[in-house]
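Given next are the chains, with one letter for each unit.
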Amino acid sequence: MKQILIAALLTGSASLAHAQIAPAANGPSVPNSQSRVNFVSAVQPGDKVAPGDLVRTIRPFNHWSLICDQLLGRKRVCQLQTSARTDQGGTVTWDIAPVKATGPKGEAIERPMSLLRLPRDAQPEGGVSIGVEGLERATRIDGCDAAGCASGSLFEGKLVELVAGTSTVTVSFDRGGKRERAIIAMAGFKEAVEAIGTKDAGAPVVVMPREPGTATAQPVTAKADKIRPAKAITSKP
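**Student:** Before we move on, could you go through the pairing of strand S3 (residues 77-85) and cite the residues and values that matter?
**Tutor:** Within S3, seven of the nine residues are buried, which leaves it mostly tucked inside the rest of the structure. Bridge analysis of strand S2 (residues 64-71) against S3 gives five bridges, and the strand direction is antiparallel. Note that in S3 the partner of Asp-69 across the bridge is Val-77. Here S2 folds back onto S3 in antiparallel fashion, the turn holding five residues, of which Gly-73 has a positive phi close to 90°. Direction of pairing for S3 relative to strand S4 (residues 91-102): antiparallel, over a ladder of six bridges. Directly across from Thr-82, in S4, lies its bridge partner Trp-94.

Structural data, given as structure tokens:
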């Protein structure tokens, strides 16, 4: 299956500031995407949302937060979120949210998407890498605007295998002629995933490997989804 590409900035942190007006329930905003990304939503077109009908819960699990929206009488829609400062004073935010997709038989399914948001002056040509203990997975930066830059990819297969069970993940990208890094603490990630009810919409957001170092529970991913040895980067003066 082709990797979902996002060609514009993913604005907002899961629309946290608008929980009563529906954008919060629609997932992170993707204003101008090449391949349209449809996030699983607690609010459907045509729904009339009265004040108090949309319930949001934010549950912190160490360094990760489980953010769930629920329209009264319906299933919850949940996503995961964390953020960290870089070694050069920037901020990286990492969201993992369910998106709508089509299964092999044409059926409607849901798949988890990884959304990395970076400083607005990140250099797109350098891409962005997610690394663990000498290994990394590189992907493109899909777009930037005045608010920041963003990179989106399916959070499945080898990417989940790479980060499952580790204590920290390094997100690196180019900015100002230097390779900038943020250390993402994974404490609480597994617990946040497990706290998503199996009957909730978009659940499980993430399919975790059954054993450390294996991906037996993972769906088939794109051929381009490769884990490689991390390169030693020398910052430019």
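Don't stop here, the text continues.
**Student:** Any details on the nonpolar core? Residues and values, ideally.
**Tutor:** Judged by nonpolar contacts, the single largest core of 35 residues is most densely connected at Leu-66, Leu-80, Trp-94, Leu-118, Phe-155, Val-163 and Phe-189. For this core, the leading source of residues is helix H1 (residues 158-163), giving four residues. In contact with Leu-118, other than residues within four places in its own chain, are Thr-91, Val-92, Val-128, Ile-141, Gly-148, Cys-149, Val-171 and Phe-173.

**Student:** Describe the pairing of strand S5 (residues 108-118), naming the residues involved and giving the relevant values.
**Tutor:** Extensive coverage of S5 is indicated by the burial of eight of its 11 residues. One ladder, built from 10 bridges, connects S4 with S5; its direction is antiparallel. Its bridge partner being in S5, Lys-100 is matched across the sheet by Glu-110. Pairing between S5 and strand S9 (residues 148-154): six bridges, direction antiparallel. Bridge assignment links Leu-115 to a residue of S9, and that residue is Gly-152.

**Student:** Can you break down empty space enclosed by the protein residue by residue, with the values?
**Tutor:** All chains considered together, the criterion is met by two cavities of 30 Å³ or more. By volume, the second largest cavity is sized at about 40 Å³. Lining of the second largest cavity is provided by Ser-114, Leu-116, Ile-130, Arg-137, Thr-139, Ser-151, Gly-152 and Ser-153. Mapped onto the lining of the second largest cavity, the elements with two or more residues apiece are S5, strand S7 (135-139) and S9. For the lining of the second largest cavity, the leading source of residues is S9, giving three residues. Residues that form the lining of the second largest cavity fall into these classes: two nonpolar, five polar and one charged.

Rules used in this analysis
- Residues numbered from 1 in each chain as written.
- Predicted model: local features only at pLDDT ≥ 70, side-chain atom pairs only at ≥ 80, totals over all residues.
- Heavy atoms only, no water.
- Buried < 20%, exposed > 50% of the residue type's maximum accessible area, 1.4 Å probe, protein only.
- Helix = DSSP H or I, 4+ residues; strand = E, 2+ residues; numbered from the N terminus.
- Pairing = 2+ DSSP bridges.
- Core = buried A, V, L, I, M, F, W, Y, C linked by side-chain atoms within 4.5 Å.
- Contact = heavy atoms within 4.5 Å.
- 1 Å grid on protein atoms, 1.4 Å probe; cavity = no way out; pocket = protein on both sides within 12 Å on 5 of 7 lines; lining within 4 Å.
- Points joined across faces, edges and corners; volume = space filled by probe spheres on them.
- Nonpolar A, V, L, I, M, F, W, Y, C, P; charged D, E, K, R; others polar.

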